[in-house]
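# Secondary and tertiary structure notes
Given next are the chains, with one letter for each unit.
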2 protein chains.
Amino acid sequence: MRIEVIDRILSANEATATEVASLLRRTATLALNVLGSPGAGKTELLARTIGALEGRLRVAVIEGDVATTADAERLAVLGVPVVQIETANLPGVCHLNATMVREALGRLDLAATDLLLIENVGNLVCPAEFELGEWAKVTVLSVTEGEDKPLKYPGAFRGARVVVVSKMDLVPHLGVDLEALRRNLQTANPALETFELSARSGEGLEGWVEWLVRCHEAWRGAE
Amino acid sequence: MRIEVIDRILSANEATATEVASLLRRTATLALNVLGSPGAGKTELLARTIGALEGRLRVAVIEGDVATTADAERLAVLGVPVVQIETANLPGVCHLNATMVREALGRLDLAATDLLLIENVGNLVCPAEFELGEWAKVTVLSVTEGEDKPLKYPGAFRGARVVVVSKMDLVPHLGVDLEALRRNLQTANPALETFELSARSGEGLEGWVEWLVRCHEAWRGAE
């Protein structure tokens, strides 16, 4: 019974995601679905990325949270449009879905948005199953989470185009095996592009930002 | 539609959880449902706890993972019975449920188990909604996740009896505001008992272990 219900939910979501994708295509808005565990550093990454892209790409944010508007407020002060989705009152909703994103898009000026960053609910499991109409999934994995995570939570890595390995400044204080982490990412998904960075120190941020700019150029060119 | 379906799933789960609780009551097995984000340090905490309880309490483990049996193997070498539940093949199953636990119990000698540690899937959202028949929920929160998490993921803290704040040895290397973290835990749930510890250094572990021993004594006494 349960599996049938879930299949039905996933199919309905996929149809809506296709609609969202067409809309984003028409307005040449490149959308990234940013997912990762609670505390992986998603919001901090977004904040630093928005700062680094100022004057280069027009960014907007959809911010998914179980509760509180803290992250949305933190990003809104950076002067970009932010739409908050709070999922707490929707029982069982531990991830964003395409319907929520479609509704949020109605509150953004897509014609004036080059890059849409969708920060998913902090959760390494459920968000991986729900397409949002995004161009690509970006999974943020903090080095503090340990090198085994790509194997233990394969969905979030198999479906991602990019992994941002975050909080690299903490490596000297951890027992983490970086070589094993890189190997496990490759095992989970050999096609992954990986950026290792620290949003706090700024180390490695440039490669990630340049990648975003290049992707947006390629995306506009493909129109 | 969706909410009705979820309500039905939750009610069915609750009935099974009540069954599991009675079974554990009859065998005087104290069960803890240990939850937290991926990489919060649940398995490391369990490993250190098992070591510290040797000769005092007879421990068994139910180990929930999306994929891999790595954690179960890591704990089995400590000489305690471990039953693995892999949820990967059950779509949408990002948490343990009472039916899985009931099945796992059939593979354990409960009469020879004082303390049953159930490590849930790494996820700060979904596991909070599913009772497993446990005596109490223990939420593990790593200091690396940031001080805002009790407010952003209230379910995991509201329903817990205890929070273990883990990886305390990393505090000097982080920008985490410990006072704010303590305040946010109190706000989320004023009745919470909190242990701040580092499983790696062993700092603070004793208080947690003594609490387990005391709880088990009280639980047997209440029979």
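Residues numbered from 1 in each chain as written. Chains lettered and ligands numbered in written order. Predicted model: local features only at pLDDT ≥ 70, side-chain atom pairs only at ≥ 80, totals over all residues. Heavy atoms only, no water.

### Concerning the overall build of chain A
The secondary structure content of chain A amounts to eight helices and seven strands. In summary, chain A has a C-alpha radius of gyration of 17 Å against a globular reference of 17 Å for 223 residues, a match within 12%. For chain A, the spread of C-alpha atoms along the three principal axes comes to 50 × 45 × 35 Å. Expressed as a percentage of the 223 residues in chain A, the buried residues total 59%. In chain A, 73% of the contacts between residues at least 6 apart in sequence involve partners at least 24 apart. (Helix = DSSP H or I, 4+ residues; strand = E, 2+ residues; numbered from the N terminus. Rg over C-alpha atoms; globule rule 2.2 N^0.38 Å. Buried < 20%, exposed > 50% of the residue type's maximum accessible area, 1.4 Å probe, protein only. Contact = heavy atoms within 4.5 Å.)

### So, the interface of chain B and chain A
At the junction of the two partners, chain B supplies 41 residues and chain A supplies 41 residues. Carbon and sulfur atoms supply 61% of the area that chain B and chain A bury against each other, a total of about 3,400 Å² over both sides. Counting every contact that joins chain B to chain A gives four salt bridges. The salt bridge partner of D71 of chain A is K152 of chain B, with a shortest N-O separation of 2.5 Å. Counting across the chain B and chain A interface gives 14 residue pairs in polar contact (both at pLDDT 80 or more). Of all the secondary-structure elements, those providing two or more residues to the side of chain B that touches chain A are α1 (2–26) and α5 (149–152) of chain B. Here the side of chain B that touches chain A takes six residues from α1 of chain B, the largest share from any one element. Along the lines of polarity and charge, the residues of the side of chain B that touches chain A split into 20 nonpolar, ten polar and eleven charged. (Buried area = accessible area lost by both parts, 1.4 Å probe. Salt bridge = Lys/Arg side-chain N within 4 Å of Asp/Glu carboxyl O. Polar contact = N/O pair within 3.5 Å; in protein donor to acceptor, adjacent residues only side chain to side chain. Nonpolar A, V, L, I, M, F, W, Y, C, P; charged D, E, K, R; others polar.)

### A short note on the packing of aromatic side chains
One pass over the full model with this rule turns up eight aromatic pairs over all chains. A centroid spacing of 6.1 Å and a plane angle of 65° characterise the contact between F195 of chain B and W208 of chain B, whose relative ring orientation is edge-to-face. With a gap of 13 residues between them, F195 of chain B in strand β7 (residues 193–196) and W208 of chain B in helix α8 (residues 205–221) connect regions that are remote in the sequence. For F195 of chain B, a relative accessible area of 11% puts it in the buried group. A cation sits over an aromatic face here: R161 of chain A above W135 of chain A, 4.2 Å from the ring centre. (Phe/Tyr/Trp six-rings, centres within 6.5 Å; stacked < 30°, edge-to-face > 60°. Lys NZ or Arg CZ within 6 Å of the ring centre and 35° of its normal.)

### What about the relation of the copies chain B and chain A?
Both copies of the chain are related through a single rotation about an axis accompanied by a shift along the same axis. Of the two same-sequence chains, chain B is brought onto chain A (RMSD 0.0 Å, axial shift 0.0 Å) by a rotation of 180°. The transformation just described matches what one would write down for a two-fold rotation axis. (Least-squares fit on C-alpha atoms with pLDDT ≥ 70 in both.)

### Remarks on the sheet that holds strand β2 (residues 59–65) of chain B
Residue and element names in this part refer to chain B. What the seven strands build is an open sheet, ordered β3-β2-β4-β1-β5-β6-β7; its pairing is parallel. Edge positions in the open sheet fall to β3 (82–86) and β7, since each of these has one partner strand only. For this sheet, the mean inter-axis angle between neighbouring strands, taken without regard to orientation, is 20°. By the bridge criterion, five bridges tie strand β5 (residues 136–142) to strand β6 (residues 162–166) in an arrangement that is parallel. What sits directly across from L141, in β6, is V165. (Pairing = 2+ DSSP bridges. Axes fitted to C-alpha atoms, helices over the stretch in contact; angles between N-to-C directions.)

### Concerning the environment of R182 of chain A
All names here are of chain A. Here R182 shows up in helix α7 (residues 178–188). Judged by relative accessible area, R182 falls into the partly exposed class, the value being 32%. As a C-alpha pair, R182 and T194 span twelve residues in sequence and 8.7 Å in three-dimensional space. A polar atom in the side chain of R182 sits 2.6 Å from the side chain of E179.

Purely spatial values, then, with no claim about function.
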